[in-house]
Amino acid sequence: MPLNIKDEEVHRQARELAELTGKSITAAVREAIEEKLAAARAGAEPRRPNADALLAIARRCSARLKARGLTSDHSDLYDDQGLPR
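Source: prediction; values computed, not measured.

Reading guide: rules and limits
- Residues numbered from 1 in each chain as written.
- Predicted model: local features only at pLDDT ≥ 70, side-chain atom pairs only at ≥ 80, totals over all residues.
- Heavy atoms only, no water.
- Helix = DSSP H or I, 4+ residues; strand = E, 2+ residues; numbered from the N terminus.
- Rg over C-alpha atoms; globule rule 2.2 N^0.38 Å.
- 1 Å grid on protein atoms, 1.4 Å probe; cavity = no way out; pocket = protein on both sides within 12 Å on 5 of 7 lines; lining within 4 Å.
- Points joined across faces, edges and corners; volume = space filled by probe spheres on them.
- Nonpolar A, V, L, I, M, F, W, Y, C, P; charged D, E, K, R; others polar.

## Topic: the overall build of the protein chain
Phase 1 of the analysis: Secondary structure summary: the protein chain contains three helices and zero strands in total.
Phase 2 of the analysis: Written out in order from the N terminus, the α and β elements of the protein chain read α-α-α.
Phase 3 of the analysis: Since a compact globule built from 85 residues should have a radius of gyration of about 12 Å, the 22 Å found for the protein chain marks it as more spread out than a globular shape.
Phase 4 of the analysis: C-alpha atoms of the protein chain, sized along the principal axes, occupy 60 × 30 × 25 Å.

The structure is reproduced here in structure tokens:
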């Protein structure tokens, strides 16, 4: 059954996704829809691998800073109303 999308930007993005992944447009769109459906069914948006990597780095850094007593709530930077001093 054909899918008729009348949005040139969607067509451009589908072609770009196909080129970047080395797949046909149909395969690239199918995979993107499957990923989005799986995330929607799970109740969460899929995160990008880079975001996961950055969050892991942040957690490691935070743990190391806490272990050395180098953390701050930055309360010295703000007044009682939350404005910068």
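## Observations regarding the layout of surface pockets
It is a probe the size of a water molecule, rolled over the atoms, that shows where empty space is left.
Phase 1 of the analysis: Counted as a void, the largest pocket has a volume near 390 Å³.
Phase 2 of the analysis: Only helix H1 (8-21) and helix H2 (25-42) provide two or more residues apiece to the lining of the largest pocket.
Phase 3 of the analysis: Broken down by element, the lining of the largest pocket gets its largest block of residues, six residues, from H1.
Phase 4 of the analysis: Among the residues making up the lining of the largest pocket, the classes are represented as nine nonpolar, two polar and one charged.
Phase 5 of the analysis: When its volume is computed, the second largest pocket comes out at roughly 160 Å³.
Phase 6 of the analysis: In terms of lining, the second largest pocket is formed by Leu17, Thr21, Lys23, Ala28, Glu31, Ala32, Glu35 and Lys36.
Phase 7 of the analysis: When contributions to the lining of the second largest pocket are tallied by element, the ones reaching two or more residues are H1 and H2.
Phase 8 of the analysis: Considering each element in turn, the lining of the second largest pocket owes the most residues, five residues, to H2.

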